[in-house]
Amino acid sequence: MAITVGSTTPTSGLLTSMGVGSGLDVASLVSQLVAAKKAPQQNQVTSQANAANTQLSALGQVSAALSALQSAMAPLTDGSAFTARTVGSSDTTVLGASATGTPVNGSYNIVVTQLASALKASSGAFASSTTAVGTGTLTIAVGSQSMSLTLDSTNNSLAAIRDAINGASTNPGVSATIVTGTDGAHLVLSGTRTGAANGFSVSSSGGDGKLAALKYDPAASTGNGLSVVTAAADAKYSIDGLAANSAGNTISSAIDGLTLNLVKAGSSTLSVSSDSSKATGALTNLVNTYNSFVGIYQNLTRYDATSGTAGALLGDATLNGINNTLSSIIGGTANGASLSSIGISLQVDGTLKLDSGKLATALGDGGKQVGALFGGTNGFAAKLNAPLTSWVGSQGVLASRTSSIGQQLSDLANQQTALNSRMDSLTALYQAQFTALDTLMSKLNSTSTYLQQQFDALTNSSKK
């Protein structure tokens, strides 16, 4: 900063310098100097960070599009899209059914003559739920499993026996409740599983002998303390005249790939037919997700000559390679046929077009033709899944690129921190220097004023 000697006047000091002195704006001056020093380095860091974040966002779009394409391939890869079946019952109040595998198309006449039931038995009436039943050991058995309850005067009321049965860790499959009628309270035992083999028995031993009031032996015709409310029974039915039975009303072993749900006695015709809607939906989703990727690719690699703007990944070798690989597979053949044979054609702009009528015709055989096109080691599913797996996922190419950019951003953040630190130090240095200068100039101005006063005094004295 230049310092000049000014002319002497009665109202000013001898030294002036662009506000230097007690009126110097040190803060503004330092801020401008530091900003000018920082600008080139800051612009470089900011530019690199913006470019890295733009690439990171673009790679995120590509990764999401490819992950969606990989998900769209799932039902085509495992073949579930081509094996879907529609199962119907002519009388759902008698029979319900669902496909749990790949049942053969056809129809079955099913007649239900008896539903499976669980044993339910009730004791005689007691005065109340707090009435003592008896002492001794009560044993309840279901098949080869059993539990024994030791009852004495502290835990032999009807309610206590109910609680002991329900709370036993060794309970073989029996629940207990108390039903109170006009004649009193009854202990009601119910099997938790249907079927003749899952009926229970109750026996007692020791004590005062009164626990015999709860005895039940299904083989005995007399002497039982419990009376049967509902007998344990198997379901009985026939399929196209073939007799069958089951311990439960939900049966998964009667017809391959089907689960039957018996509702009541009666007859119903069960029909199984191919369901092409799942395959149509899966292939439509494949076309849409592929076209979504193509749209993202074109947007990220576009150059607008009018505005002079370029896509975030224009000229990117990785993205170009991905697009070329996908279009080559989609436009090629698999297992001796092309996607166009089932109504999916590759357009000039790189997108796919679906001919729903042609696809419906191709699916007319129950999905065999289309399934064969995607299945096997040389099918479209295998050909597409292999590169997709190498691109997406934690070990994929895109993850590696993303990690590299993340490291770059981390390095830039460190550079920003270091730059800020250097500028803080420079700010402190400038502030100290200019504050010292300001202080010096204030002192010089004070001295100048004093000297001016002395000169003025001498001049006045010499005139007298």
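Residues numbered from 1 in each chain as written. Predicted model: local features only at pLDDT ≥ 70, side-chain atom pairs only at ≥ 80, totals over all residues. Heavy atoms only, no water.

1. Remarks on the overall build of the protein chain
The cut-off we apply is this: Each helix is a run of H or I in the DSSP string that is no shorter than four residues. Each strand is a run of E no shorter than two, and both are numbered from the N terminus. The quantity called the radius of gyration is restricted to C-alpha atoms. Its globule counterpart is 2.2 Å times the number of residues to the power 0.38. Burial classes follow relative accessibility: with a 1.4 Å probe on protein chains only, a residue under 20% of its type's maximum area counts as buried, one over 50% as exposed, and anything between as partly exposed. In what follows, a contact means two residues having at least one pair of non-hydrogen atoms within 4.5 Å.
Counting its secondary structure elements, the protein chain contains eight helices and 23 strands. What you see for the protein chain is a C-alpha radius of gyration of 46 Å, clearly larger than the 23 Å of a compact globule of 464 residues, by over 25%. Referenced to the eigenvectors of the C-alpha coordinate spread, the extents of the protein chain come out at roughly 155 × 75 × 35 Å. In the protein chain, which comprises 464 residues, the share counted as buried stands at 35%. Restricting to contacts in the protein chain with at least 6 residues of sequence separation, those with at least 24 account for 70%.

2. What about the packing of helix H3 (residues 277-300) against helix H4 (residues 317-330)?
Geometry of a packed helix pair, given as the angle between the helix axes and the separation of the axes. Heads up, the condition is: Where helices are involved, their axes are fitted lines through C-alpha atoms of the stretch in contact, as for all axes, and angles between N-to-C directions lie from 0 to 180°. Should the near helix be turned anticlockwise from the far one by less than a right angle, the crossing is termed left-handed; should it be turned clockwise, right-handed.
The contact between H3 and H4 brings their axes to 11 Å, and the two run at 145°. Like other packed secondary-structure pairs, H3 and H4 cross with a definite hand, here left-handed. Residues Tyr290, Phe293, Tyr297 and Leu300 of H3 form the contact with H4, whose participating residues are Leu319, Asn320, Ile322, Asn323, Leu326, Ser327 and Ile330.

3. Focus on the pairing of strand S7 (residues 136-142)
What counts, and what does not: By this definition, two strands are paired if DSSP reports at least two bridges between them.
In terms of residue burial, S7 counts as a mostly covered element, since five of its seven residues are buried. Across seven bridges, S7 lies against strand S8 (residues 145-151) in antiparallel orientation. When the bridges of S8 are listed, Gly136 appears paired with Leu151. Following S7, the chain reverses through two residues before pairing antiparallel with S8; Gly143 in that reversal takes a positive phi of roughly 60°.

4. Digging into the environment of Thr54
With respect to the secondary-structure elements, Thr54 resides in helix H1 (residues 26-77). We classify Thr54 as partly exposed; its relative accessible area is 41%. Linking Thr54 and Leu313, residues 259 residues apart in sequence, is a C-alpha distance of 9.0 Å.

5. As for the sheet that holds strand S17 (residues 266-274)
Ordered in space as S3-S17-S5-S13-S14, the five strands form an open sheet in which the pairing is antiparallel. Only two strands of the sheet have a single partner each, and these edge strands are strand S3 (85-89) and strand S14 (242-246). The average angle at which neighbouring strand axes cross in this sheet is 25°, direction not considered.

6. Concerning the side chain of Ser123
Worth spelling out the cut-off: Between N or O atoms, a polar contact is any pair within 3.5 Å; within protein, one atom must be a potential hydrogen donor and the other a potential acceptor, and residues adjacent in sequence are included only when both atoms are from side chains.
Within the secondary structure layout, Ser123 lies in the loop between strand S6 (120-122) and S7. Using a relative accessible area of 3% as the deciding quantity, one classes Ser123 as buried. At 2.8 Å, the side chain of Ser123 and the backbone nitrogen of Leu187 are in polar contact.

7. A few points about H3
The following threshold applies: Expected helix span is computed as 1.5 Å times (number of residues minus one).
The first and last C-alpha atoms of H3 sit 34 Å apart over 24 residues, in line with the 34 Å expected at 1.5 Å per residue. Elements in contact with the buried residues of H3: H1, H4, strand S22 (344-346), strand S23 (352-354), helix H5 (356-362) and helix H6 (368-374).

8. Brief notes about the packing of aromatic side chains
Under the convention used in this document: Here a Phe, Tyr or Trp ring, Trp counted by its six-membered ring, pairs with any other such ring whose centre lies within 6.5 Å, and the pair is stacked when the planes are under 30 degrees apart, edge-to-face when over 60, and tilted otherwise.
All told, the structure shown has four aromatic pairs when counted by the stated rule. Here the aromatic residues Phe82, Phe374 and Phe380 are joined through ring pairs into a cluster of three or more.

9. What to know about the confidence of the model for the protein chain
Operational definition: Summary of the metric used: pLDDT quantifies the predictor's per-residue confidence within the range 0 to 100.
Put simply, the protein chain has an average pLDDT of 90, and 94% of its residues get 70 or more. This model gives residues 1-20 a pLDDT under 50, and the stretch forms 28 contacts once residues within four places in sequence are excluded.

10. Some details on the nonpolar core
In a soluble, globular protein the nonpolar side chains are often hidden away together inside. For clarity, the threshold we go by: To form a nonpolar core, buried Ala, Val, Leu, Ile, Met, Phe, Trp, Tyr and Cys residues must be joined to one another through side-chain atoms within 4.5 Å.
The biggest cluster of nonpolar side chains holds 51 residues, and the ones touching the most others in it are Leu66, Phe293, Ile342 and Phe374. Counting only elements with at least two residues in this core, the list comes to H1, H3, H4, H5, H6, helix H7 (380-391) and helix H8 (397-463). In contact with Phe293, not counting residues within four places along its chain, are Val62, Ala65, Leu66, Leu319, Ile322, Asn323 and Leu326. Within the second largest apolar cluster, 27 residues are counted, among which are Ile165, Leu187, Leu214 and Leu226.

11. What about the sheet that holds strand S15 (residues 250-251)?
Taken in spatial order, the three strands line up as S4-S16-S15 in an open sheet, and their pairing is antiparallel. This sheet does not close on itself; its edge strands, each paired only once, are strand S4 (95-99) and S15. One ladder, built from two bridges, connects S15 with strand S16 (residues 258-262); its direction is antiparallel. Bridging across to S16, Ile251 finds its partner in Leu260.

12. A word on unusual backbone geometry
Unlike most non-glycine residues, Asp240 shows phi in positive territory, near 50°. Of note in this structure, Asn335 is not a glycine but carries a positive phi near 50°.

13. Describing the pattern of salt bridges
Condition: We define a salt bridge as a contact between a side-chain nitrogen of Lys or Arg and a carboxyl oxygen of Asp or Glu at a distance within 4 Å.
For the structure shown, the criterion picks out two salt bridges. As a salt-bridge pair, Arg162 and Asp163 come within 3.0 Å of each other at their nearest N and O atoms. The exposure class of Arg162 is partly exposed, given its relative accessible area of 25%. Of the charged contacts in the structure, one is a salt bridge between Asp316 and Arg401, with a shortest N-O distance of 2.9 Å. Taken together, the residues span a long stretch of sequence, with Asp316 in the loop between strand S19 (309-310) and H4 and Arg401 in helix H8 at a distance of 85 residues. The residues Asp316 and Arg401 share a single accessibility class, namely buried.

14. With respect to the packing of H4 against H7
The condition is simple: Angle categories are assigned with fixed cut-offs, so that under 35 degrees is roughly parallel, over 145 is roughly antiparallel, 65 to 115 is roughly perpendicular, and the rest are oblique. Residues are sorted three ways: Asp, Glu, Lys and Arg are charged, Ala, Val, Leu, Ile, Met, Phe, Trp, Tyr, Cys and Pro are nonpolar, and all the rest, Gly among them, are polar.
Look at H4 against H7: their axes get within 10 Å of each other, and the N-to-C directions meet at 170°. Judged by the inter-axis angle, H4 sits roughly antiparallel to H7. Contacts from Ile322, Thr325, Leu326, Ile329 and Ile330 in H4 reach Phe380, Lys383, Leu384, Pro387 and Trp391 in H7. For the contact of H4 with H7, the class distribution of residues is eight nonpolar, one polar and one charged.

15. Side note on a nonpolar patch on the surface
Cut-off, in case you're wondering: Exposure above 30% relative accessible area and the lack of any salt bridge qualify a residue for a patch; like charges then connect within 9 Å, and the nonpolar side chains Val, Leu, Ile, Met, Phe, Trp and Tyr within 5 Å. Surface accessibility in these figures is a Shrake-Rupley result with a 1.4 Å probe; residues are shielded only by whichever protein chains are displayed.
Together, Tyr450, Leu451, Phe455 and Leu458 give the surface a local cluster of nonpolar side chains, amounting to about 430 Å² of exposed area. Looking at the secondary structure, you find Tyr450 in helix H8.

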